[in-house]
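# Reading the structure
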Amino acid sequence: MARPQSTSPKTPQVSASVRPWSARKLATAALQTIERTRSFSDDVFDHMIKDLEVSERDRNLAFELVYGVMRHYGTLDWRLDQVSRKPMVRLPLTVATTLRVAAYQLLYLDRIPASAAVNEAVELIRKQPGHNWSGFVNAVLRNLLRQPVPLMPDPALDATTALSIRYACPTWLVERWLRSFGFNQAERLCQQTIGIPPLTIRTNTLRCSRSTLLDRLKTEGIPAQETAVSPVGLTLNKCGNPGQLSALKDGWCYVEDEAPQLIPLLLDPQPGDRVLDACAAPGGKTTHLAQLMKDQGEIVALDRHHGRLKSLVSNCGRLGISIVQPCHFDLTEYSGAGQAISFSAAHRAVPALLTQPFDRILVDAPCSALGILRRHPEGKLLKALSNIQHAQALQRQMLDRVSALLRPGGILVYSACSIEPEETTEMLSGFCQEHPEFLHEPVTPWVPAPGQTLITDQGHLCTAFQTFNMDAFFACRLKKSL
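### Thoughts on the overall build of the protein
- Check the secondary structure of the protein and you find 17 helices and 14 strands.
- For the protein, the C-alpha radius of gyration of 24 Å lies close to 23 Å, the compact-globule estimate for 482 residues.
- For the protein, the spread of C-alpha atoms along the principal axes amounts to about 75 × 50 × 50 Å.
- Here the protein, with 482 residues, has 55% of them falling under the buried criterion.

Put into structure tokens, the structure is as follows:
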């Protein structure tokens, strides 16, 4: 899956500490860093954990607090505004974040005593330099505990405001979903953004079968069950840190949601094929393609981010895959016409790996990532309409570029972790109008039987609006005429 677009992907610098950090202190610091640097929650959290002395218990609680606050950010602010004499938007970031972390514990967690949440919030803010906000924080949180729960806005009177507050979704996004999908479907999409996603893994069929992997997990005391649609997926329960799974370390599996596990099936690569994964890193779909090809043939794994290609190489090594050829290259830096490819003068020479046509191409395009907000909840705070517009331009460029790299009769699959029309149906319609040599093929034959309800009237795959608890993905299959 292409990495969600971030305004600023830089990793924050966090100084090491010789003293253990509490979960609440870590969560408050991480949340402030996410807002200040507009970085991904997982990048910030993982970086801080490396530099700080934190117990496993506090690490787990801090993780819950960071992601919980991000998922319910707008609702927390609405509740706090009801009991504070100062609106949240006018408070210093340190104060506002401290209140959100405490409020999340009071409103959404039932195992933490209210006194612990309030007292540590007061202590944390008291230690901050400058103005002493401890009395203010204490008063707001006590008011939150004492005052009656306010009534939520009525959807019949103002659907946008009601859904925005109830599910902590930005109003611009709620308005879009209401226009595109109607109230019921818009509410389902909003509700999914506050859900906790399951931990799903994909079996590495080059090393074991799904049943063998399931037996191993059960032997190790890890409850798991087969995914409903993906023929190689397992959903795990209460496994702790997935990075510590012995099966993962041994290359028996790859952590991946069920929805993206369906995308390589649509490409249907065969052993011996020459395949291009145009946005490959960190290698989830690349390695799945290699499994389907029985590690026979060639996969050119293209990505413009050199650092992320290192992760792809590492994943291929762990999974025992040999046919993947990593290639650091930006498809948007050249233009092609027919089979004659010309590159911009600013770019280095064309990689030799791209000079021969491909049998199959996967474009798992960079997108707004609005279909995976439950996994990247900071997107509800940081994303804007411009993210969709920027992603749409990149997607169209990439499709235009790879169209010249596919042999006649070859197959192209386009996918995105978004269901926004500009990034899916509208963009594809425009592409096919300008490239009449590409013909749409319904994905029906390549979707496992339990997932036939995921196929749209147009023959595309759409994993939103379903009961399988998947992320929201879109995919279609195109064939290049002879």
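Moving on, there is more to tell.
### What to know about the nonpolar core
- Core analysis: the largest hydrophobic core is formed by 65 residues, its most contacted members being Leu276, Val363, Tyr414 and Leu461.
- Apart from residues no more than four positions distant in its own chain, Val363 is found in contact with Ala278, Met398, Leu399, Val402, Val413, Tyr414 and Ser415.
- Membership of the second largest hydrophobic core comes to 45 residues, among which are Leu52, Tyr67, Tyr73 and Ala117.

### What to know about the pattern of salt bridges
- All chains considered together, the criterion is met by 21 salt bridges.
- A single network of salt bridges, built from pairs that share partners, joins Asp257, Arg374, Arg375 and Asp471.

### Let's talk about the packing of helix H5 (residues 93–108) against helix H7 (residues 134–146)
- Look at H5 against H7: their axes get within 11 Å of each other, and the N-to-C directions meet at 25°. Judged on the interaxial angle alone, H7 and H5 are roughly parallel. Regarding H5 and H7, the two cross each other, and that crossing is right-handed. Two secondary-structure elements touch here, H5 through Val95, Leu99, Ala102, Ala103, Leu106 and Leu107 and H7 through Phe136, Val137, Val140, Leu141, Leu144 and Leu145.
- Here the contact of H5 with H7 is composed, by residue class, of twelve nonpolar, no polar and no charged.

### Thoughts on the state of the cysteines
- Following the criterion strictly, the structure yields zero disulfides and no others.
- Lacking any disulfide linkage, Cys190 is separated from the closest cysteine sulfur, that of Cys169, by 4.0 Å.
- There is no disulfide at Cys316, and the cysteine sulfur nearest it, in Cys327, is 14 Å away.

### What to know about the side chain of Arg374
- With respect to the helices and strands, Arg374 occurs in the loop between strand E10 (358–364) and helix H15 (379–382).
- Engagement of the side chain of Arg374 in a polar contact is seen with the backbone oxygen of Met470, the distance being 3.5 Å.
- Once residues lying within four places of it in the same chain are set aside, the contact partners of Arg374 are Arg71, Gln192, Thr193, Gly195, Pro197, Pro198, Asp257, Asn469, Met470 and Asp471.

### Describing the confidence of the model for the protein
- Taken as a whole, the protein shows an average pLDDT of 91; of its residues, 92% reach a score of 70 or greater.
- Per-residue pLDDT stays below 50 along residues 4–18; that stretch engages in 39 contacts with residues further than four places along the chain or on separate chains.
- Of the regions scoring below 50 in pLDDT, residues 336–348 engages in 21 contacts with residues more than four places distant in sequence or in other chains.

### Things to note about helix H1 (residues 23–37)
- Between its first and last C-alpha, H1 extends 21 Å over 15 residues, near the 21 Å set by a 1.5 Å rise per residue.
- For H1, the tally of buried residues reaches twelve of 15 residues, placing the bulk of the element in the interior.
- Every buried residue of H1 is accounted for by Ala23, Arg24, Leu26, Ala27, Thr28, Ala29, Ala30, Leu31, Gln32, Thr33, Ile34 and Thr37.
- Packing partners of the buried residues in H1 comprise helix H2 (41–51), helix H3 (56–71), H5, helix H6 (114–126) and H15.
- The first or second residue beyond H1 is Arg38, which carries a positive phi of 55°.

### Some thoughts on the packing of aromatic side chains
- With the rule as written, the count across this model stands at six aromatic pairs.
- Arranged with centres 5.4 Å apart and planes meeting at 80°, the rings of Trp133 and Phe136 form a pair that is edge-to-face.
- Trp133 sits in the buried class, given a relative accessible area of 17%.
- When the ring of Phe431 is compared with that of Phe438, the centres are 5.4 Å apart and the planes differ by 55°; the resulting orientation is tilted. Of the two residues examined, Phe431 and Phe438, each falls in the buried class.
- Directly above the ring of Trp21 sits Lys25, whose terminal nitrogen or CZ lies 4.5 Å from the centroid.

### Quick word on the sheet that holds strand E3 (residues 233–236)
- Read from one edge of the open sheet, four strands run E2-E3-E1-E4, paired in antiparallel fashion. Of all the strands in the sheet, the pair left with one neighbour each is strand E2 (224–226) and strand E4 (253–255). Neighbour-to-neighbour, the strand axes of this sheet turn through a mean angle of 30°, independent of strand direction.
- Pairing of strand E1 (residues 199–203) with E3, which is carried by four bridges, proceeds in the antiparallel orientation. Opposite Thr200, over in E3, you have Thr235 as the bridge partner.

Cut-off values and rules
Residues numbered from 1 in each chain as written. Predicted model: local features only at pLDDT ≥ 70, side-chain atom pairs only at ≥ 80, totals over all residues. Heavy atoms only, no water. Helix = DSSP H or I, 4+ residues; strand = E, 2+ residues; numbered from the N terminus. Rg over C-alpha atoms; globule rule 2.2 N^0.38 Å. Buried < 20%, exposed > 50% of the residue type's maximum accessible area, 1.4 Å probe, protein only. Core = buried A, V, L, I, M, F, W, Y, C linked by side-chain atoms within 4.5 Å. Contact = heavy atoms within 4.5 Å. Salt bridge = Lys/Arg side-chain N within 4 Å of Asp/Glu carboxyl O. Axes fitted to C-alpha atoms, helices over the stretch in contact; angles between N-to-C directions. Parallel < 35°, antiparallel > 145°, perpendicular 65-115°, else oblique. Left-handed = near helix turned anticlockwise from the far one by under 90°. Nonpolar A, V, L, I, M, F, W, Y, C, P; charged D, E, K, R; others polar. Disulfide = S-S within 2.5 Å. Polar contact = N/O pair within 3.5 Å; in protein donor to acceptor, adjacent residues only side chain to side chain. pLDDT = per-residue confidence, 0-100. Expected span 1.5 Å × (residues − 1). Phe/Tyr/Trp six-rings, centres within 6.5 Å; stacked < 30°, edge-to-face > 60°. Lys NZ or Arg CZ within 6 Å of the ring centre and 35° of its normal. Pairing = 2+ DSSP bridges.

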